[in-house]
Amino acid sequence: MRLDLIVALNAERTARRAAIIVTELASGAQRLVREQDVDQDPLAAILKAQIRSGKSGTAEAEGGRSFLELHVPPPRMVITGAVHISQALAPMARMLAYDVTIVDPRTAFATPERFPDVPLLAEWPDQALPKIDLDHWTAFVALTHDPKIDEPALEAALRAGCFYVGALGSKKTHARRVEHLRARGLGEEAIARIHAPIGLSIGAATPAEIAVAILAEITLRLRRGPEAKA
Amino acid sequence: MTKTQASDDVLTMAERWRREGRGVALATVVETWGSAPRPVGSHLVIDEHDNFLGSVSGGCVEGDVIVEAAAVIKDGKPKLLEFGVADETAWKAGLSCGGTIRVYIEKVE
């Protein structure tokens, strides 16, 4: 591999952007394809599927066999609300290899006793979120039921292009939330990206089951993209 | 808040060693069959003095890969090697888990 390819790849990885090294195994020819340039690559469709799968692999294409070495950033999950559901969701998300952070300014909720081993920021979202750097490889989940906490965080998550944005609450709560987000200047397309009611419809009844429904929905978005149905 | 993947260190080290002017080879698992100890995309970086970092098999075939890497650093020609129990040399450099892996070794130019 050429040193300049390794240097460029390392820069993408530091910036938390996906990238693929394509090696034509017969000739040894190599190129780096950045996530934002995938559409211009001759193997665009294959590379997109590879990014979704999260795995490296080989592909047969015109001109022979290629090795596709995929680099995707470790996914993050940011949760507003140090609540009962979060106590189930955070450890499950860690099993799925997410870096989890919980944001809740209510210090009675955000305690290490309730959340051992999970980074907690007992701050308002406008203070906490700039430190976390929400991005395309982040799933954002709003669970407080408190519009003062959830809404600014939802706005930040939508503007940052988080691959998943979900918010707990009834249809009525969500309708009110949508009004507030419009007033904050968010467009209909952005608002429509919020998953509410949150989680796949599996009849979840307990906090742990709701966590499973949320993680299943997040996995669907991560692996199958924004449009796919469960 | 960022987590470093195991392969991160390998590629960062490949960059550093090459910048220092060392001869460097990069080995990558490109295919696996059966139960292979390390997934496709796993790296081992080797320098001209046989220093290495990372793993392609969790220890079973690293010795052979390092020997082959020395030749790749010298002549610059990439190699594609296969290791597995189907191979007669399995007991010499085999995968105890019964899998087969294909490893691509290339020089960092």
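Just so we're clear, the structure is a prediction, and the values are computed from it rather than from any experiment.

**Student:** Lay out the packing of aromatic side chains with the relevant residues and their values.
**Tutor:** A full pass over the atoms with the stated rule returns zero aromatic pairs over all chains. Over the ring of Phe109(A) we find Arg106(A), and its NZ or CZ is 4.1 Å from the ring centre.

**Student:** Now, about the pattern of salt bridges: what can you tell me, with residues and values included?
**Tutor:** Throughout the structure, instances matching the rule amount to 23 salt bridges over all chains. With its nearest N and O atoms 2.7 Å apart, the salt bridge here joins Lys48(A) to Asp39(A). Its salt-bridge partner being Glu60(A), residue Arg65(A) comes within 2.5 Å of it at the nearest N-O pair. A single salt-bridge network, built from bridges that share partners, covers Glu60(A), Arg65(A), Glu31(B), Glu82(B) and Arg102(B).

**Student:** Go over the pairing of strand 3 (residues 57–61) of chain A, please, and point to the residues and values.
**Tutor:** As defined by bridge partners, strand 3 of chain A adjoins strand 4 (residues 64–71) of chain A across five bridges and the pair is classed as antiparallel. If you follow Gly57(A) over to strand 4 of chain A, its bridge partner there is Leu68(A).

**Student:** Describe the sheet that holds strand 9 (residues 164–167) of chain A, with residues and values.
**Tutor:** All names here are of chain A. The sheet built from six strands is open, its strands ordered 7-6-5-8-9-10 with parallel pairing. Edge positions in the sheet fall to strand 7 (120–121) and strand 10 (194–195), since each has one partner strand and no second. Alignment of strand 5 (residues 76–80) against strand 8 (residues 138–142), held across five bridges, turns out to be parallel. Note on strand 8: the bridge partner recorded for Val78 is Phe140. Across the sheet, helix 3 (residues 84–95) lies against strand 5, strand 6 (99–103) and strand 8, angled at about 160° from strand 6, the strand it touches most. Along the sheet face, helix 4 (residues 125–132) touches strand 5, strand 6 and strand 7 and points at about 165° away from the line of strand 6.

**Student:** Describe the interface of chain B and chain A, naming the residues involved and giving the relevant values.
**Tutor:** Between chain B and chain A, the residue contacts involve 25 residues of the former and 27 residues of the latter. Summed over both sides, the interface of chain B with chain A buries roughly 2100 Å², with 58% coming from carbon and sulfur. Summed over the shared surface of chain B and chain A, the number is one salt bridge. Here Glu31(B) and Arg65(A) are joined by a salt bridge, their closest N and O atoms 2.8 Å apart. Linking chain B with chain A are nine residue pairs in polar contact (both at pLDDT 80 or more). For the side of chain B that touches chain A, the secondary-structure elements that each account for two or more residues are helix 1 (6–19), strand 1 (24–33) and strand 5 (100–107) of chain B. If you tally residues by element for the side of chain B that touches chain A, the top one is helix 1 of chain B, at eight residues.

**Student:** Residue-level account of the layout of surface pockets, with values.
**Tutor:** Over the atoms a probe the size of a water molecule is rolled, and this reveals where empty space is left. Residue and element names in this part refer to chain A. The calculated volume of the second largest pocket comes to roughly 580 Å³. Arg52, His136, Phe163, Gly225 and Pro226 are the residues nearest the centre of the second largest pocket, which is lined by 20 residues in total. Counting residues per element, the lining of the second largest pocket draws most heavily on helix 2 (residues 44–53), at three residues. Its residues placed into classes, the lining of the second largest pocket shows eleven nonpolar, four polar and five charged. Shared between two domains, the lining of the second largest pocket takes at least three residues from each, and those domains are domain 1 (3–71) and domain 2 (76–224).

**Student:** Please set out the packing of helix 5 (residues 147–160) of chain A against helix 6 (residues 171–183) of chain A residue by residue, giving values where relevant.
**Tutor:** All names here are of chain A. In the contact formed by helix 5 and helix 6, the axes pass within 10 Å of each other and the chain directions differ by 60°. The angle between the axes of helix 5 and helix 6 places the two elements in the oblique class. When the axes of helix 5 and helix 6 are compared, the crossing they make is right-handed. Contacts from Glu151, Leu154 and Glu155 of helix 5 reach helix 6 at Arg177, His180 and Leu181.

**Student:** Any chance you could break down the sheet that holds strand 3 of chain A for me, citing the residues and the numbers?
**Tutor:** All names here are of chain A. Here four strands make up an open sheet; going across it, the order is 2-1-4-3 and the pairing antiparallel. Unpaired on one side and paired on the other, strand 2 (30–34) and strand 3 mark the two borders of the sheet. Strand-to-strand twist across the sheet, computed as the mean angle between neighbouring axes with direction ignored, equals 25°. Running at roughly 20° to strand 2, helix 1 (residues 3–14) makes contact with strand 1 (19–24), strand 2 and strand 4 of the sheet. Those strands touched by helix 2 are strand 1, strand 2, strand 3 and strand 4, and its axis lies near 40° from that of strand 4.

**Student:** Outline the nonpolar core, listing residues and values.
**Tutor:** Residue and element names in this part refer to chain A. Of all hydrophobic cores here, the largest spans 40 residues; its most connected members are Met77, Leu89, Val100, Val141, Leu143, Ile214 and Ile218. Counting residues per element, the ones that place at least two in this core are strand 1, helix 2, strand 4, strand 5, helix 3, strand 6, strand 8 and helix 8 (207–224). Looking at which domains feed residues into this core, each of domain 1 (3–71) and domain 2 (76–224) gives three or more. Among residues more than four places away in sequence, those in contact with Ile214 are Ile85, Leu89, Val141, Leu143, Tyr164, Ile198 and Gly199. Counting 21 residues, the second largest nonpolar core, distinct from the first, contains Val78, Leu121, Val178 and Ile191.

**Student:** Report on the domain arrangement of chain A, specifying residues and quantitative values.
**Tutor:** All names here are of chain A. The domain architecture assigned to chain A consists of domain 1 (3–71) and domain 2 (76–224). If you average the C-alpha positions of domain 1 and of domain 2, the two centres end up 31 Å apart. Each partner contributes residues to the interface: domain 1 has seven residues there, and domain 2 has nine residues. Both faces considered, domain 1 and domain 2 share a buried interface measuring about 640 Å² in area, 38% of it formed by carbon and sulfur atoms.

Calculation rules
- Residues numbered from 1 in each chain as written.
- Chains lettered and ligands numbered in written order.
- Predicted model: local features only at pLDDT ≥ 70, side-chain atom pairs only at ≥ 80, totals over all residues.
- Heavy atoms only, no water.
- Phe/Tyr/Trp six-rings, centres within 6.5 Å; stacked < 30°, edge-to-face > 60°.
- Lys NZ or Arg CZ within 6 Å of the ring centre and 35° of its normal.
- Salt bridge = Lys/Arg side-chain N within 4 Å of Asp/Glu carboxyl O.
- Pairing = 2+ DSSP bridges.
- Helix = DSSP H or I, 4+ residues; strand = E, 2+ residues; numbered from the N terminus.
- Contact = heavy atoms within 4.5 Å.
- Axes fitted to C-alpha atoms, helices over the stretch in contact; angles between N-to-C directions.
- Buried area = accessible area lost by both parts, 1.4 Å probe.
- Polar contact = N/O pair within 3.5 Å; in protein donor to acceptor, adjacent residues only side chain to side chain.
- 1 Å grid on protein atoms, 1.4 Å probe; cavity = no way out; pocket = protein on both sides within 12 Å on 5 of 7 lines; lining within 4 Å.
- Points joined across faces, edges and corners; volume = space filled by probe spheres on them.
- Nonpolar A, V, L, I, M, F, W, Y, C, P; charged D, E, K, R; others polar.
- Domains from an automatic or database assignment.
- Parallel < 35°, antiparallel > 145°, perpendicular 65-115°, else oblique.
- Left-handed = near helix turned anticlockwise from the far one by under 90°.
- Core = buried A, V, L, I, M, F, W, Y, C linked by side-chain atoms within 4.5 Å.
- Buried < 20%, exposed > 50% of the residue type's maximum accessible area, 1.4 Å probe, protein only.

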